[in-house]
Amino acid sequence: MSLHDDAVGVLKGYVGDDTQQTELRQAYLDHLSGHPDGMWKACGAGHLTASALVIDPEQGRVLLTLHRKLRMWLQMGGHCEPQDTALAAAALREATEESGIAGLRLLPGGPVRLDRHPIPAPCHWHLDVQYAATATPGAVAQISDESLDLRWFPYDEVAGMADASVVRLLESTRVRLGRGF
């Protein structure tokens, strides 16, 4: 199965928590239907990306990266690579690379949210498929070349540091955790 096929399957199975998420899901599926290269950075109409919010539920904190290019506090994530065979694997790879934490585990249940945001030309859109990953107790993060900084934040401080998309991702992650995942 190709990464494109995996993404279509993941999105078909994704159940969002509101009308906007349902509409984004369909927009992502339409994009992939119309763009066989829609998984890759080279797709000028936009491309899927995979990210993961790294959390430490035992200590009630989340790991954010100060993105080198965007200069914003964000979850770990980025472009899919040719060796990626699944969206979930791409999200986990990105989270591991950018956090320096081995042994991250994605929350069961597939993606937590979808987020589409504009990016500078020549491409126009990132269609981000957002997962959440738990870190082992006492995990030590190590900054990567893609970050200016890397820091754990208590849940209640995230809204003051990150944009609304990260806040929504954290809220949805906490709901999923509350369901016993």
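See above for the structure.
A. Region of the structure containing the overall build of the protein. Regarding its fold elements, the protein presents five helices and eight strands. Walking the protein from its N terminus toward its C terminus, one meets helices and strands in the order α-α-β-β-β-β-α-β-β-β-β-α-α. Scaling as 2.2 N^0.38, a compact globule of 181 residues should have a C-alpha radius of gyration of about 16 Å, and the protein matches this with 15 Å. Along the three orthogonal principal directions, the C-alpha set of the protein runs to about 45 × 35 × 30 Å.

B. Examining the pattern of salt bridges more closely. Scanning all chains against the criterion turns up seven salt bridges. Linking Asp115 and Arg168 is a salt bridge whose minimum nitrogen-to-oxygen distance equals 3.7 Å. Linking Asp115 in strand 6 (residues 113-118) with Arg168 in helix 5 (residues 164-178), this pair joins segments that are 53 residues apart in sequence. Overlapping salt bridges, with partners in common, bring together Asp84, Arg93, Glu94 and Glu97 in one network.

C. Structural detail: helix 3 (residues 87-99). Compared with the 18 Å implied by 1.5 Å per residue over 13 residues, the 18 Å span of helix 3 between its first and last C-alpha is a close match. Residues of helix 3 that are buried: Leu87, Ala90, Ala91, Arg93, Glu94, Ala95, Glu98 and Ser99. Backbone geometry just after helix 3 places Gly100 at a positive phi near 75°.

D. Structural detail: the layout of surface pockets. Each pocket or cavity is described by its volume, and for the largest pocket that value is around 900 Å³. Lining of the largest pocket is provided by 35 residues; of these, His67, Leu70, His79, Ile119 and His126 occupy positions nearest its centre. Looking at the lining of the largest pocket, the elements that each hand over two or more residues are strand 1 (47-56), strand 2 (61-67), strand 4 (76-79), helix 3, strand 6 and strand 7 (125-134). Taken together, the residues that form the lining of the largest pocket break down as ten nonpolar, twelve polar and 13 charged.

E. Highlighting the packing of helix 1 (residues 3-13) against helix 2 (residues 19-34). Contact geometry for helix 1 and helix 2: axes closest at 10 Å, N-to-C directions at 155°. When the interaxial angle is binned, helix 1 and helix 2 end up roughly antiparallel. Handedness of the helix 1/helix 2 crossing: left-handed. Between helix 1 and helix 2, the residues in contact are His4, Ala7, Val8, Leu11 and Lys12 and Arg25, Tyr28, Leu29 and Leu32, respectively. For the contact of helix 1 with helix 2, the per-class residue count stands at six nonpolar, one polar and two charged.

F. Fine view of the pairing of strand 7. Of all ten residues that make up strand 7, nine are buried, and the element is covered over most of its length. Note: strand 1 against strand 7, nine bridges, orientation parallel. Each bridged residue has a counterpart across the sheet, and for Ser51 the counterpart in strand 7 is Gln130. As paired strands, strand 5 (residues 105-106) and strand 7 are joined by two bridges and run antiparallel to one another. In the sheet register, Leu106 faces strand 7, and the bridge partner there is Ala133.

G. Examining the nonpolar core more closely. Counting 33 residues, the largest nonpolar core has Met39, Leu48, Val54 and Leu87 as the members making the most contacts within it. Counting only elements with at least two residues in this core, the list comes to helix 1, helix 2, strand 1, helix 3, strand 7 and strand 8 (147-154). Considering every element that reaches this core, the biggest residue donor is helix 1, with five residues. Here Leu48 is in contact with Ala7, Leu11, His31, Leu32, Gly38, Met39, Cys80, Leu87, Leu127 and Val129, once residues within four sequence places are set aside. In this structure, Leu66, Leu107, Ala162 and Val166 belong to the second largest nonpolar core, which totals 18 residues.

So, how was this worked out
- Residues numbered from 1 in each chain as written.
- Predicted model: local features only at pLDDT ≥ 70, side-chain atom pairs only at ≥ 80, totals over all residues.
- Heavy atoms only, no water.
- Helix = DSSP H or I, 4+ residues; strand = E, 2+ residues; numbered from the N terminus.
- Rg over C-alpha atoms; globule rule 2.2 N^0.38 Å.
- Salt bridge = Lys/Arg side-chain N within 4 Å of Asp/Glu carboxyl O.
- Expected span 1.5 Å × (residues − 1).
- Buried < 20%, exposed > 50% of the residue type's maximum accessible area, 1.4 Å probe, protein only.
- 1 Å grid on protein atoms, 1.4 Å probe; cavity = no way out; pocket = protein on both sides within 12 Å on 5 of 7 lines; lining within 4 Å.
- Points joined across faces, edges and corners; volume = space filled by probe spheres on them.
- Nonpolar A, V, L, I, M, F, W, Y, C, P; charged D, E, K, R; others polar.
- Axes fitted to C-alpha atoms, helices over the stretch in contact; angles between N-to-C directions.
- Parallel < 35°, antiparallel > 145°, perpendicular 65-115°, else oblique.
- Left-handed = near helix turned anticlockwise from the far one by under 90°.
- Contact = heavy atoms within 4.5 Å.
- Pairing = 2+ DSSP bridges.
- Core = buried A, V, L, I, M, F, W, Y, C linked by side-chain atoms within 4.5 Å.

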